[in-house]
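Chain by chain, the residues run as shown.
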There are 2 protein chains.
Amino acid sequence: MSKEDSRYILVKTMQSALQSKGLHGVGLNEILKTAGLPKGSLYYHFPGGKEELALAAIANAEQEMSRFLEQLFARFDDPLEALAAWIDSALQRIAASRFKLGCPLAAAALDCSPEDTDLLLALNGAFGNLRDLLTRQISRAGFPAEAAADLAVLVLTSYEGGLMMARAAGSTDPIERSFRALLSHVRLQQKEFANGH
Amino acid sequence: MSKEDSRYILVKTMQSALQSKGLHGVGLNEILKTAGLPKGSLYYHFPGGKEELALAAIANAEQEMSRFLEQLFARFDDPLEALAAWIDSALQRIAASRFKLGCPLAAAALDCSPEDTDLLLALNGAFGNLRDLLTRQISRAGFPAEAAADLAVLVLTSYEGGLMMARAAGSTDPIERSFRALLSHVRLQQKEFANGH
DNA sequence: CTAGTTATAGACCGATCGGTCTATAGAGTA
DNA sequence: TACTCTATAGACCGATCGGTCTATAACTAG
């Protein structure tokens, strides 16, 4: 097993742990047991311990999410269709996990103390990148810059809030409802802007 | 100091702890130190320990939120103005805490394991009540039942997601942006329904 | 005053936390 | 084969976790 293999296994295991139990909800021993690796490996690859591993997991989660979104936007001509496809995949993913898995970024954001500035900075960077990505694509759908930026943030916040509520509800209903409302909004507003408002 | 005093202090302290550090982010000893009470008091009032205290904090948070919303909706003729006032107060609250405090419900929802069924059930109940409250009020603003329900969930998810992102960003920007987008949506759709669609 | 109940008060417990340390297996190179 | 460096391997540590226990202060009822 090469260096990169173990490192990656640890990152992915931490990512899953964040999704299902939050930052302080899992212990390192449990993570290592799941990963099938000893403590020595963890502190060899991540001398900074749990926090460094969490930062790596956050970075990886953001990268996965960004790549997935970019692929979707590349596949669909209409950015709004890509958004719908994104939500669709999120619905399937969370239902397949029996509503156990949320967003690792959100979990880390709510489970750390305000003093964990490194974590919060990393999270802010991750959310900022996703927001910018969405803003760019929503602009492509014919929205002016400011409206697109606001809308991108609304998409992101309702996605995160929807995932959180779906986990609590044990149902995809919150995500479905909020995105139905959101899309009907976007379509309406799109017409308005198309009419020159 | 009466029985109810100590009990209430513990509940409020746990509520604050959930907001700033999440369920597993604070220890009981820290909570007791903040509350200025010994361990005996905790287990006298809450024999079920940390989980029972967390459940009480969740119930209290929901009640506070519900009451606050009901008061706002009673004060404003236009439900949408009440929503705007709600967000305004949330902005002030989170900024006043220097972006340390999130929503205790969301924090608990993301920081518990999927096996904590009691917690998840309580959270689902709390979110359900808030959703129903919002649905009722949004209906009053002239929205058909289904659209109002969808919209209520969108309001709630983007509120929760917005609080979370604001905490990570150290800025009210995410909440402001998402609610600006949301309100412009609601106004537009309101016109549509008023025109008989 | 006594008995009984309520509500602290905090010492104490085993388990587990994140983290450190020494030891060594194994691959690559001379 | 012997040396070296990488990457485990896991025993071990003090601190802290949530939780239990006994003791007692404070108040009420008789």
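Rules of the game
Position numbers for residues start from 1 in each chain and track the written sequence from start to end. Whichever chain is written first becomes A and whichever ligand is written first becomes 1, with later ones labelled in order. The predicted nature of this model means local features are confined to residues of pLDDT at least 70 and side-chain atom pairs, given and counted, to a pLDDT of 80 or more, with totals for whole chains, interfaces and linings taken over all residues. Side-chain figures throughout are based on the complete set of non-hydrogen atoms in the structure, without hydrogens or water. We count a stretch as a helix when DSSP gives it H or I for four or more residues in a row; a strand needs E for two or more, and each element gets its number in order from the N terminus. Accessible area is worked out with a 1.4 Å probe on protein chains only. A residue is then buried under 20% of its type maximum, exposed over 50%, and partly exposed in between. Only heavy atoms enter the contact rule, under which two residues are in contact if any of them lie within 4.5 Å. Computed by Shrake-Rupley with a 1.4 Å probe, the accessible areas treat only the displayed protein chains as cover when residues are assessed. Of the two site types, the cavity is a set of points on a 1 Å grid over the protein atoms alone where a 1.4 Å probe fits but cannot get out, and the pocket is an open set with protein on both sides within 12 Å along at least five of seven lines, each lined by residues with an atom within 4 Å of a point. Grid points are joined across faces, edges and corners, and a volume is the space filled by probe spheres set on the points. Basically, the charged four are Asp, Glu, Lys and Arg, the nonpolar ten are Ala, Val, Leu, Ile, Met, Phe, Trp, Tyr, Cys and Pro, and anything else, Gly included, counts as polar. The axes are straight lines fitted to the C-alpha atoms, using for helices just the contacting stretch, and the angles between their N-to-C directions are given from 0 to 180°. Here the word oblique covers every angle except those under 35 degrees (roughly parallel), over 145 (roughly antiparallel) and from 65 to 115 (roughly perpendicular). The cutoff for a nearby residue is simple: one of its non-hydrogen atoms must lie within 4 Å of the molecule or strand. Two N or O atoms count as a polar contact when they lie within 3.5 Å, although within protein this holds only if one can serve as hydrogen donor and the other as acceptor, and sequence-adjacent residues are included solely when both atoms are side-chain atoms. What gets called buried area is simply the loss in accessible area from a 1.4 Å probe that two parts show on being joined, summed for both. A pairing counts as a salt bridge when a side-chain nitrogen of Lys or Arg comes within 4 Å of a carboxyl oxygen of Asp or Glu. Sulfur atoms of two cysteines make up a disulfide when they are within 2.5 Å.

Undergrad: Just checking my understanding: could you explain the overall build of chain A for this structure?
TA: From N to C terminus, chain A includes nine helices and zero strands. Starting at the N terminus and ending at the C terminus, chain A contains elements arranged as α-α-α-α-α-α-α-α-α. On the principal axes, the C-alpha backbone points of chain A span a range of 65 × 35 × 30 Å. Burial analysis of chain A (197 residues in total) assigns 56% to the buried set. Within chain A, contacts between residues separated by at least 24 positions form 68% of all contacts whose residues are at least 6 apart in sequence. Accessible surface computed for chain A: about 8,200 Å², of which carbon and sulfur atoms make up 51%.

Undergrad: Quick question: what am I supposed to make of empty space enclosed by the protein here?
TA: Left-over empty space is what a probe sized like a water molecule reveals as it rolls over the atoms. One pass over the structure, following the stated rule, counts one cavity of 30 Å³ or more. Leu110(A), Glu160(A), Gly161(A), Met164(A), Ala106(B), Leu110(B), Glu160(B), Gly161(B) and Met164(B) are the residues that line the largest cavity. For the lining of the largest cavity, the elements supplying multiple residues, two or more each, are α8 (145-169) of chain A together with α6 (104-111) and α8 (145-169) of chain B. Grouping the amino acids of the lining of the largest cavity by side-chain chemistry returns five nonpolar, two polar and two charged.

Undergrad: Even after reading the chapter, I still don't get the packing of helix α7 (residues 117-140) of chain A against α8(B), so can you show me in this structure?
TA: At a minimum axis distance of 7 Å, the contact between α7(A) and α8(B) shows a crossing angle of 120°. By the angle between their axes, α7(A) is oblique relative to α8(B). Side by side, α7(A) and α8(B) meet where Leu120(A), Leu123(A), Asn124(A) and Phe127(A) of the first sit next to Met164(B), Met165(B), Arg167(B), Ala168(B) and Ala169(B) of the second. Of the residues in the contact of α7(A) with α8(B), the class split is seven nonpolar, one polar and one charged.

Undergrad: What is the right way to look at the protein's contact with DNA strand C in this model?
TA: By nearness alone, 16 residues border DNA strand C, and Lys39(A), Lys50(A), Ser41(B), Tyr44(B) and His45(B) come closest of all. Here, DNA strand C places atoms within 4 Å of the protein, and 57% of those atoms are sugar or phosphate. Leu28(A) has a polar backbone atom sitting 2.5 Å from a phosphate oxygen of DNA strand C. In this structure, a phosphate oxygen belonging to DNA strand C sits 2.9 Å away from a side-chain N or O atom of Tyr43(A).

Undergrad: I tried to follow the interface of chain B and chain A on my own but got confused; where do I start?
TA: Quite often, the size of an interface is put as the accessible area lost when its parts meet. Tallying the contact residues gives 46 residues for chain B and 46 residues for chain A. Between chain B and chain A, roughly 4,200 Å² of surface is buried when both sides are summed, and carbon and sulfur atoms account for 68% of that area. Counting every contact that joins chain B to chain A gives eight salt bridges. Counting across the chain B and chain A interface gives 15 residue pairs in polar contact (both at pLDDT 80 or more). Contributions of two or more residues to the side of chain B that touches chain A are made by α1 (3-21), α6, α7 (117-140), α8 and α9 (173-194) of chain B. Of all the elements, α8(B) adds the most residues to the side of chain B that touches chain A, at 17 residues. When grouped by side-chain class, the residues that make up the side of chain B that touches chain A number 22 nonpolar, 14 polar and ten charged.

Undergrad: Explain the state of the cysteines here, please?
TA: Linking two cysteines covalently through their sulfur atoms gives a disulfide. Residue and element names in this part refer to chain A. Using the criterion set out here, one finds zero disulfides over all chains in the structure. Between Cys-112, a cysteine without a disulfide, and Cys-103, which holds the nearest cysteine sulfur, the sulfur-to-sulfur distance is 13 Å. When its relative accessible area of 0% is taken as the criterion, Cys-112 is described as buried.

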